[in-house]
Amino acid sequence: FSLSKELKVATALTHYSSDLFDVTGSGFSFDLAFFLDLNQLQISVANRNVLPMSVSYSNGATEKIPNLFTTGLKYKATKEWIVFSQLQSVNGKDQFLSYGLQYIPSFLNGVLSVSTGYRQYDALGEFKERYSLGLGLNLGYLNLQFAYVPNDYILQSDQYFVSTHF
């Protein structure tokens, strides 16, 4: 929903559903976000799971859905270089940073982009870091994105992500 040309607000209702062997669970949450576009600088603020909610399971157990508060910045330093940063807070305590850099070579008329990123996260109470590499292809009405994220956990392979939008 647009509050003005520069400021937008969004809400979402999320349904959680889980099935693991003979145990099922479900729950709901509510999200709220704001987006401010100042041309070269874009600022976003999002609060996932605004209301304290939980997932209830068929075996009587419950699991609290964490509150995630995220702020993000996107700065177009030049026509070819874009810088991203993000700070995420989990339940008002743990804070994690993410950074990204995107290069869009002007000599290719915006058809190709190359990205790299850094992300901090929590893995079962342990602080972790990850790096990523990405490649984008903009074909006018079709945009394809590919990302590679190496994994340091030996029992799990590296991750590859592909996305598209029209």
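So, here's what we can say about the structure. (Residues numbered from 1 in each chain as written. Predicted model: local features only at pLDDT ≥ 70, side-chain atom pairs only at ≥ 80, totals over all residues. Heavy atoms only, no water.)

### Considerations on the layout of surface pockets
- One number sums up the size of the largest pocket: a volume of about 590 Å³.
- Considering the residues around the largest pocket, the lining is formed by 27 residues, among which Y99, G100, T116, G117 and S132 are closest to the centre.
- Going through the elements one at a time, β7 (81-90), β8 (94-103), β9 (112-123), β10 (126-138), β11 (143-149) and β12 (159-165) are the ones with two or more residues in the lining of the largest pocket.
- When residues of the lining of the largest pocket are assigned to their parent elements, the largest contribution, six residues, is made by β10.
- Class assignment for the residues of the lining of the largest pocket results in 12 nonpolar, 13 polar and two charged. (1 Å grid on protein atoms, 1.4 Å probe; cavity = no way out; pocket = protein on both sides within 12 Å on 5 of 7 lines; lining within 4 Å. Points joined across faces, edges and corners; volume = space filled by probe spheres on them. Helix = DSSP H or I, 4+ residues; strand = E, 2+ residues; numbered from the N terminus. Nonpolar A, V, L, I, M, F, W, Y, C, P; charged D, E, K, R; others polar.)

### Structural notes on the packing of aromatic side chains
- One pass over the structure, following the stated rule, counts five aromatic pairs.
- Centre to centre, the rings of Y99 and Y118 are 6.2 Å apart; their planes meet at 20°, and the pair counts as stacked. Taken as a pair, Y99 in strand β8 and Y118 in strand β9 lie far apart in primary sequence, 19 residues in all. (Phe/Tyr/Trp six-rings, centres within 6.5 Å; stacked < 30°, edge-to-face > 60°.)

### Observations concerning the pattern of salt bridges
- For the structure on display, the rule yields one salt bridge.
- Notably, a salt bridge pairs K128 with E126, separated by 3.5 Å at the nearest N-O pair.
- K128 sits in the partly exposed class, given a relative accessible area of 22%. (Salt bridge = Lys/Arg side-chain N within 4 Å of Asp/Glu carboxyl O. Buried < 20%, exposed > 50% of the residue type's maximum accessible area, 1.4 Å probe, protein only.)

Any link to function would need more than the numbers given here.
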